[in-house]
Amino acid sequence: AAFDTDILGSEPTKRMMMNGPVDTLFDKTSSKLVGKPVTRVDGSLKVSGQAPYSAEFYKDNRVYGVLAGATISNGKVTNIDTESVADIPGVIKVVTDAKHFLRNSQQGGKMKAPTQGAIDIAYHGQPIAIVVGETFEAATEGAKALVVSYEDETDEAALDFKQELKNAHEVNEKEGSDKNSEHGDPEKGLQQSAVTLDRVYTTPSQSNSPMEPHSSLAYWEGDKLTIYTSNQMVAFSQKQIADALEIDNDNVNVISRYVGGGFGSKLGISPESIAAAIAAKELDRPVLVMMTRPQVMESTVRRSNTRQRIALGCDENGVLNTIIHDTISSNLPNESFFEPAGLSTHYLYRGENRRVNYEQVDMNWTLSGSMRAPGEAVGQIALECAMDELACQLGMDPIELRRRNEPEEDPSQQIPFSTRQLLACLEQGSKAFGWEEKHSSEPASYLEGDWWIGTGMAVASRGNQLMPSEARATLQLDPSKTLGVKAVIESDMTDIGTGSYTVFSQVAADLLGLPIDHIDMQLGDSRFPSSPGSGGSFGAASAGSSIYLACAELREQIAKRVGLHADTIQLGEGQVSKTGEHQAGVAERAVEAGKKALDALVDKVEDATEKVGLSVSMKGSNNIDPEQYDFSDSATYPLADIISQLEDKKLSAKGQIAPGKNGKSHRQACYGANFAEVAVHRVTGEVRVKNMTGAFTAGRILNHNLATSQCYGGMVFGIGAALMEEVIHDKRDGRLCNHDLAEYHLPVNADVPQLEVILVEEDDPYTNPMHIKGIGETAISGAAAAIANAIYNAVGVRIYDFPITLDKLI
Ligand code: MOS
């Protein structure tokens, strides 16, 4: 790791690149909030309605915009009759700026503008206009009544996936998040294996549908656009908006203070942002556009359906030599995103012959994009159901089969794992679940009344990533705080319900030695330093590390101001104290020697410039006079005193994290094991999940409550994927049949039994200076497979087509 303090400019900056293992300061702090189950710092604001979501911001003179969607799924809009709604009371204007209405390609940050004047329609519900009204009701009525003419080519639309399979084509590997890969000779490996299994699994499209629908409030002040919107990645979205409107990034301010979930559907902007911005410009009034649930489901994104072939080959002992994972997903024509279902197949198990292959089918369905654990969530359903079936074929316990196929290193890239504790997850999870006692190797062996009872398990894994991020930390006086000082942290990072406000407050509080209520966490505004936002489970690690580094830099600045070295101070309860003598290491002595040489050079330059009559001072810009502090070994100094002696009455620092070599030199991932017990009704085929236990690793855990909640959420998604969730497009006209939460079935409280989560202890020095991994998408990965395998164990029937609804079981 390279620590580099930049003392030029007003804000000292600590930068870190992850090259090799690093130490973490958490081992040295006195207050230990990190790791504790601290309750949400924004919890009371949220439950008392004081945490404003995007649609709740008010701007004087505000009007409402409602999107009108296409009623064909393929063709062109030839005319929008704006006069058709002119007489509706309260309707102000229909905005039809064809240049900007269109499919927003979520991935890659592109907005797709039509090539000609007419709007190309690729799916039913695609936004084509925005009707603005004095009230939401008026605008809604206008959007419904709007008369639109089409060149309708729906009869040529691709609406039947099975039929379109013959047109499957290569994916755009350059823009995808995974690549095709092949090692050894998979087909030959399969032929020569003693035991083989070859199956096809299908999973349906799923809807992200976060609790808070997508919405945007847009207004202009001259050239400057402000958008309050519900978004996961503020900096990325700011650029998307600027690109779409062809204006400077600096003229767009995106604000997402609180976000009611995203699950990937808010990674980029959705159509209502641009519509609100254009309408606000045309009317010169603030415009609020709130999507309805059907609009969210029709015109944001879906997780693609998949068709996955898994072929496994092993010896009589169950040791795998071959894994084939051929996957096909779907998207609108000319889209580059594909579902990277084989992401974890590259490294989860042993096997010298290995193939991951992707193909894509163009469909006139809703745009597909990222949904929670894009890739692993559904890819591991296929892989883990296949592993279960293979274990049955071998007459082997499914946990034992995983044990025998635990690789020593990443079998695709031949690189070490940073940390991998899958075996510990299997062990602790199976023990807590009671696998030995509950699981019968004979399927259909327990009937309790009218219910067949069975147990199943599946492995979970989700890759860990670090993204570039920066943040600012400022210590300033605040007489309202008991210690007279507070730390303001600024980052455009979002909190999508995961707990960013809380975990970052814990990090800052520990590093700065302040109580948690002395941390003023400012997130979700594009005017703050840029983070990658919330996505890909990289948010806490990336934004968190930049906050960590900004606070670490503040520690050094404080130490300097009292004439000490940072590793000889302790910060606690708003006080600085001395803890020992600093011992310079080799690296530091080398830096000191370099500085001396530089100073000597500067002396010469100054001498030389003086001789020609110029006076230049290049040294000493960062000299601090520690004289005012008498630092005997036992003395402590209040931070507030130190800050009040500074000219600005505040001390500011920035932190920047950048991914270095570790992402390539070490396979980094979270691991876990899900266990499920189910009951299947012997007459109706109804499935009830009786209980689930999951054991997971994610490096150090910042907050046990929040990490556990993420795992609960992932397991609930597993219940949905196994038993009910399915987006259905009508094969005749492409209309989304189940576009609300009444018809798109999600697990509700009555479907979710007692869940147990075990966080297996881990510490990963390769990931980031906090040693954490992104836990958000771990538990969902393949969670449905544990339930599917339990269903097989209960009734002796394997269903390969998800969700496993009762009609498929009887
Ligand atoms: Mo996640 S699907 O990267 O929000």
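Residues numbered from 1 in each chain as written. Predicted model: local features only at pLDDT ≥ 70, side-chain atom pairs only at ≥ 80, totals over all residues.

### Side note on the overall build of the protein
The test is simple: Secondary structure elements are taken from DSSP: a helix is a run of H or I of four residues or more, a strand is a run of E of two residues or more, and numbering for both begins at the N terminus. Three exposure classes are used, based on other C-beta atoms lying within 10 Å of a residue's own C-beta, which is placed from the backbone: buried for 20 or more, exposed for 12 or fewer, and partly exposed in between. Contact definition: two residues whose C-beta atoms, as placed from backbone geometry, lie within 7 Å.
Within the protein, the secondary structure is distributed over 19 helices and 32 strands. Seen along its three principal axes, the alpha-carbon backbone of the protein occupies a region of about 90 × 75 × 50 Å. Each of the 810 residues in the protein was classed as buried or not, and the buried ones make up 54%. Of the contacts made within the protein by residues no fewer than 6 positions apart, 81% connect residues no fewer than 24 positions apart.

### Digging into the environment of Q295
With respect to the secondary-structure elements, Q295 resides in helix 7 (residues 293–299). Taking the C-alpha atoms as reference points, Q295 and D740, 445 residues apart in sequence, are found 9.1 Å from one another. Apart from residues no more than four positions distant in its own chain, Q295 is found in contact with L67 and G69.

### Comments concerning the packing of helix 17 (residues 704–723) against helix 18 (residues 783–795)
Using the following cut-off: For helices, the fitted axis covers only the stretch in contact; all axes are lines through C-alpha atoms, and the angles between them, taken along N-to-C directions, range from 0 to 180 degrees. Roughly parallel means an angle under 35 degrees; roughly antiparallel means over 145; roughly perpendicular covers 65 to 115; every other angle is labelled oblique. Two helices crossing with the near one rotated counterclockwise from the far one by less than a right angle form a left-handed crossing, whereas a clockwise rotation gives a right-handed crossing. Residues are grouped as follows: nonpolar covers Ala, Val, Leu, Ile, Met, Phe, Trp, Tyr, Cys and Pro; charged covers Asp, Glu, Lys and Arg; every other residue, Gly included, is treated as polar.
The contact between helix 17 and helix 18 brings their axes to 7 Å, and the two run at 50 degrees. Our classification of the angle between helix 17 and helix 18 gives oblique. By crossing handedness, the relation of helix 17 to helix 18 is classed as right-handed. Between helix 17, through G714, M715, F717, G718, I719, A721, A722 and L723, and helix 18, the contact on the second element is made entirely by A783, A784, A786, I787 and A788. Among the residues making up the contact of helix 17 with helix 18, the classes are represented as eleven nonpolar, two polar and no charged.

### Considering the sheet that holds strand 27 (residues 575–578)
Using the following cut-off: Here the rule is simple: two strands pair whenever DSSP picks up at least two bridges between them.
Across the sheet, three strands lie side by side as 26-27-28; this open sheet has antiparallel pairing. Since the sheet does not close on itself, it has two edges, and those belong to strand 26 (569–572) and strand 28 (636–638), each with one partner. If you compare each strand with its neighbour and ignore which way they point, the axes differ by 25 degrees on average. Where strand 27 lies against strand 28, three bridges are found, and the strand directions are antiparallel. Within the sheet, the bridge partner assigned to Q575 lies in strand 28 and is P638.

### Structural notes on helix 6 (residues 271–283)
Going by this rule: In a helix, the anticipated span is given by 1.5 Å times the number of residues less one.
Given a rise of 1.5 Å per residue, 13 residues ought to cover 18 Å, and the 18 Å separating the end C-alpha atoms of helix 6 matches this to within 8%. Burial runs high along helix 6: ten of the 13 residues are buried. Along helix 6, the residues that are buried comprise P271, E272, S273, I274, A275, A276, A277, I278, A279 and A280. Directly after helix 6, the chain includes D284, whose backbone phi takes a positive value near 55 degrees.

### Considering the nonpolar core
Going by this rule: When buried Ala, Val, Leu, Ile, Met, Phe, Trp, Tyr and Cys residues are joined through C-beta atoms within 7 Å, the set is termed a nonpolar core. These domain boundaries are the output of an automatic or database domain assignment.
Counting 142 residues, the largest nonpolar core has A508, I547, C551, I787 and I791 as its most contacted members. Lining this core are residues from two domains, each supplying at least three of them: domain 1 (2–30 + 466–579 + 586–623 + 633–658) and domain 3 (163–206 + 303–465 + 664–809). If we ignore the near neighbours within four places in the chain, the residues touching I791 are G454, V678, V680, V687 and I804. With 72 residues, the next largest nonpolar core counts L67, V94, L267 and V301 among its residues.

### Thoughts on unusual backbone geometry
A cis amide bond links F802 with the next residue in sequence, P803, at an omega value of 0 degrees. Looking at the secondary structure, you find P803 in the loop between helix 18 and helix 19 (806–809). A positive phi angle, close to 55 degrees, is found at F263, a residue other than glycine. Turning to its location among the elements, F263 is positioned in the loop between strand 15 (252–255) and helix 6.

### Remarks on the sheet that holds strand 7 (residues 127–133)
On the basis of which strands lie adjacent, the open sheet formed by seven strands has the order 5-7-3-16-13-14-15 and mixed pairing. The outermost strands of the open sheet, each flanked by one partner alone, are strand 5 (91–95) and strand 15. Averaged over all adjacent pairs, the angle separating strand axes in this sheet is 25 degrees, with direction ignored. The sheet strands contacting helix 2 (residues 136–145) are strand 3 (63–69), strand 5 and strand 7, and the helix crosses strand 3 at an angle near 20 degrees. The strands touched by helix 5 (residues 234–245) are strand 14 (224–229) and strand 15; relative to strand 15, the strand with the most contacts, the crossing angle is about 140 degrees.

### Focus: the domain arrangement of the protein
With domains assigned, the protein is organised as domain 1 (2–30 + 466–579 + 586–623 + 633–658), domain 2 (54–156 + 211–261 + 266–300) and domain 3 (163–206 + 303–465 + 664–809). With centres defined by C-alpha atoms, the gap from domain 1 to domain 3 works out at 42 Å. With 24 residues of domain 1 in contact, the opposing surface of domain 3 contributes 19 residues. If you list the elements that add at least two residues to the side of domain 1 that touches domain 3, you get helix 12 (500–512) and helix 13 (539–561).

### Quick look at the pairing of strand 7
The two faces of the sheet receive side chains in turn, since in a regular strand these alternate between them. For strand 7, the tally of buried residues reaches seven of seven residues, placing the bulk of the element in the interior. In this structure, strand 3 lies alongside strand 7, joined through six bridges in antiparallel fashion. Pairing of Y64 across the sheet is with G133, part of strand 7. Bridging between strand 5 and strand 7 involves four bridges; their strand directions are antiparallel.

### Examining the confidence of the model for the protein
Note the following rule: The predictor rates its confidence in each residue with pLDDT, a number between 0 and 100.
Taken over all residues, the pLDDT of the protein has a mean of 92, while the share at 70 or more is 92%. Throughout residues 618–624 the model reports pLDDT below 50, and contacts reaching past four residues in sequence, or to other chains, amount to eight contacts. With pTM at 0.93, the complex prediction returns an ipTM value of 0.98.

### Brief notes about the environment of S48
Of note, S48 is situated in the loop between helix 1 (43–47) and strand 3. Assessed through the 8 C-beta atoms surrounding it within 10 Å, S48 is described here as exposed.

### Things to note about the packing of helix 5 against helix 6
In contact at an axis separation of 11 Å, helix 5 and helix 6 are set at 50 degrees when each is read in the N-to-C sense. If you check the angle between helix 5 and helix 6, you find them oblique. Between helix 5 and helix 6 the crossing geometry is right-handed. Together, I241, A244 and L245 of helix 5 and S273, I274 and A277 of helix 6 make up the contact between the two elements. Tallied by class, residues from the contact of helix 5 with helix 6 come to five nonpolar, one polar and no charged.

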